[in-house]
Number of protein chains: 2
Amino acid sequence: MASMKDVAKMAGVSISTVSRVINDTHPVDGRTRGAVEDAIRRINYRPNLLAAGLRSKSGNLIGLAVPDIAHHSFEEFIKHTEQCVREHKHGLIIGDTHSDPDAEAEFIDHLIRRNVDGIIFIRVSDQSRALDMLNATSIPYVVLDRALESGTVPTVTMDNFTAGQLAAEHLLGLGHSRIACLTGPLDVALCRERLNGFTQALSHAGHRLPDQWIFEGDFRFESGVRTVELLLDTEPRITALWAQNDLMAIGIIGGLIDHGLVVPRDMSVAGVDDIVTCRMVRPQLTTVSQPFEAMSRAAVQLLMRERSAGKRLTERIVIPTELVVRQSTAPPADSTVSPHLKTQKELL
Amino acid sequence: MASMKDVAKMAGVSISTVSRVINDTHPVDGRTRGAVEDAIRRINYRPNLLAAGLRSKSGNLIGLAVPDIAHHSFEEFIKHTEQCVREHKHGLIIGDTHSDPDAEAEFIDHLIRRNVDGIIFIRVSDQSRALDMLNATSIPYVVLDRALESGTVPTVTMDNFTAGQLAAEHLLGLGHSRIACLTGPLDVALCRERLNGFTQALSHAGHRLPDQWIFEGDFRFESGVRTVELLLDTEPRITALWAQNDLMAIGIIGGLIDHGLVVPRDMSVAGVDDIVTCRMVRPQLTTVSQPFEAMSRAAVQLLMRERSAGKRLTERIVIPTELVVRQSTAPPADSTVSPHLKTQKELL
DNA sequence: ATCGTTTGCGAAAACGATTTCCGAGTTCTG
DNA sequence: CAGAACTCGGAAATCGTTTTCGCAAACGAT
């Protein structure tokens, strides 16, 4: 591969001048600049990013740590983050942590050794060893999608409280009163916040959310399917359910269909995220959108700002959200207990 | 950050010795080795990958070029590739090309400058400028999921011909005779190959696949939904359809449901890929699996072999596939024209 | 006319590893 | 016991940039 030295020789200038032409870091006479650019083109020169990074201590690289690459909602973050990072002329190096602290720490270690310019975590946990490692360096990082308890870490989240409110108001507006919630893991702050928004909107309308109508899931599809069994045992039967993400909501719908029930006639179901799968299932899922692109861009920009500020920021950016109404929610069937439901129960 | 020099000083040895301890590249006495390892631990030393890469001309990095990160089947490749690359102690840098030659070339340029050890393409096109750029270097690359016309490029694909056969045999075995196919873009070799396997199995059984029962899609969900309109106009009505990927198959199912039809009673539908979404929709999708993990691992290993061989290989690895039967296929309704279908037609 | 600043450029020192070369001591081998 | 072969380890070159420093000329302001 051609190096700067070759360019310099061909253009009859020094290496420094070539560097200055490329990085525009110091004034260079128009004639010499032309000669250098010519030489670059002629020998098809490409600056070596490793050498540049070694000297300038910037790998031109952003790291992205994801708990599960193939998770439908994370993949949206990945896509938009990659796009935005690319626009900043950086590369994106990605690591699947499998939610395992050791794998996560190993990945972060790798990133540190690579002189990355910043790291984005999707859903890191509060007592992550990786964060400790990073705090021992000057590498900026941002947590995406999950606010940490300790307020010292820069985060970008959606407006989880409002998300809960929007879901509740939508279901209430349709005339439901027996509404359940399938949450994510309740030790995760964002789940509690979504739940708070949800319950607050319910109580504003004079409704309660009894404990036995709160089901705790794990954000995965199967968790929705499993919950259906419990749902069908509620007495009196609930008429609507809000799941705290789409995968679980889709699981709920699948489980209901498996039991011969019809959505939304027998039960309204809503989710959170607005992943593309929402439009693939029937009925199409009503949901509260997660602003994936805006969040990803905010995270990358926050990183860049941290870098140029040269110090850790503690900002917490919250991106607004909105309701997307599709087919999985409708007014409750008017009879208190749908005859169809009764039949199904008897069949079991 | 601590450097090798610091370690050397603390352990009272030379830099070379530290390097040898770390890389196990030359015998080192047990006592000195211990001292060095101690020092490494004490000052929490991390070798700098940029410096190492600069000298050794290996970035310890694999590049992955994907046409669309958020595409459900690519994300499976991404996940398993990342896993496998990690096991080889490398990093994975990912780029979304949006199927755009310029974006692709730009990404490859970036990778070359970073001294990557190899590049995996998912579905690169035959006349890609990126491939020309790479051929001017010694960087090994592998094309995953799509065989190129020119046989000179190492590829890893699934057994597309057999996939078509399996689908046809399954539907024939259920008693279908009027079977249609929704293909991917027919200028893509793998689509033609899948179609060949499909038609061959049909003709072996004494059936033909008339041209008007071959629909050309673009591998996307919407493409399936749109095709339903055409499907319902076939006369006599087809009773089964095989889509060349799951997203289109799921689109077909969605479209059929939108028209008030019932799958598989009114029409059997099968796909290819076995993405997780198959188990999320109702009915769950019968499909021919794409061996994502085996393919990803084969690609990475092929890359590594190319690297250690020090020359371009032209291997074409084909991974076997199998049928996964779920709920979306069933014997055809016995009446030639289902009364339900008739009703629906009249309703339109 | 003088002093300070900006422009323009080259030489050389980093950056932090790997790798080559070399030499001294030890162990085989015949 | 001589010579070959292997073990162990240091010095120094090297990878390809960026960056600091220095110097000369040109420019602007007092």
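Source: prediction; values computed, not measured.

Turning our attention to the protein's contact with DNA strand D. In the neighbourhood of DNA strand D, 29 residues make up the surrounding shell, with Met4 of chain A together with Ser14, Thr17, Arg20 and Thr32 of chain B lying closest. For DNA strand D, the backbone portion of the atoms within 4 Å of the protein, that is sugar and phosphate, comes to 54%. In this structure, a base nitrogen belonging to DNA strand D sits 3.0 Å away from a side-chain N or O atom of serine 16 of chain B. At a separation of 2.9 Å, a phosphate oxygen of DNA strand D approaches a polar backbone atom of aspartate 29 of chain B. Of all the secondary structure elements, the ones that give two or more residues to the surface near DNA strand D are helix 2 (15-23) and helix 4 (49-56) of chain A together with helix 2 (15-23) and helix 4 (49-56) of chain B. Tallied by class, residues from the surface near DNA strand D come to 11 nonpolar, 11 polar and seven charged.

The next subject is the relation of the copies chain B and chain A. Expressed as a screw transformation, the operator carrying chain B onto chain A has a rotation angle of 180° and an axial translation of 0.1 Å, and the superposed copies differ by an RMSD of 0.2 Å. What the rotation and shift describe, once combined, is the action of a two-fold rotation axis. Residues of chain B ranked by C-alpha distance from the rotation axis are headed by isoleucine 93 of chain B, positioned 2.2 Å from it. Both copies present the same face, since 100% of the interface residues in chain B are matched by interface residues at the equivalent positions in chain A.

Let's shift gears to the domain arrangement of chain A. Per the domain assignment, the segments of chain A are domain 1 (4-47), domain 2 (60-158 + 292-320) and domain 3 (160-290 + 324-347). Relative to domain 2 of chain A, the C-alpha centre of domain 1 of chain A lies at a distance of 36 Å.

As a further point, take the nonpolar core. With 151 residues, the main nonpolar core has Val156 of chain A together with Phe198 of chain B as its most contacted residues. Apart from the residues within four sequence positions on either side, valine 156 of chain A is in contact with Val142, Val143, Leu144, Asp145, Arg146, Met295, Ala298, Ala299, Leu302, Ile317 and Ile319 of chain A.

All names here are of chain B. Within this structure, the stated rule accounts for six aromatic pairs over all chains. Arranged with centres 6.1 Å apart and planes meeting at 90°, the rings of phenylalanine 121 and tyrosine 141 form a pair that is edge-to-face. Linking phenylalanine 121 in strand 3 (residues 118-122) with tyrosine 141 in strand 4 (residues 141-144), this pair joins segments that are 20 residues apart in sequence.

With that settled, the discussion passes to the side chain of serine 73 of chain A. Residue and element names in this part refer to chain A. Within the secondary structure layout, serine 73 lies in helix 5 (residues 72-87). You can call serine 73 buried: its relative accessible area is 2%. Those residues in contact with serine 73, other than ones at most four positions away along the chain, are Asp273, Ile275 and Phe292.

Parameters at a glance
- Residues numbered from 1 in each chain as written.
- Chains lettered and ligands numbered in written order.
- Predicted model: local features only at pLDDT ≥ 70, side-chain atom pairs only at ≥ 80, totals over all residues.
- Heavy atoms only, no water.
- Near = heavy atom within 4 Å.
- Polar contact = N/O pair within 3.5 Å; in protein donor to acceptor, adjacent residues only side chain to side chain.
- Helix = DSSP H or I, 4+ residues; strand = E, 2+ residues; numbered from the N terminus.
- Nonpolar A, V, L, I, M, F, W, Y, C, P; charged D, E, K, R; others polar.
- Least-squares fit on C-alpha atoms with pLDDT ≥ 70 in both.
- Contact = heavy atoms within 4.5 Å.
- Domains from an automatic or database assignment.
- Core = buried A, V, L, I, M, F, W, Y, C linked by side-chain atoms within 4.5 Å.
- Buried < 20%, exposed > 50% of the residue type's maximum accessible area, 1.4 Å probe, protein only.
- Phe/Tyr/Trp six-rings, centres within 6.5 Å; stacked < 30°, edge-to-face > 60°.

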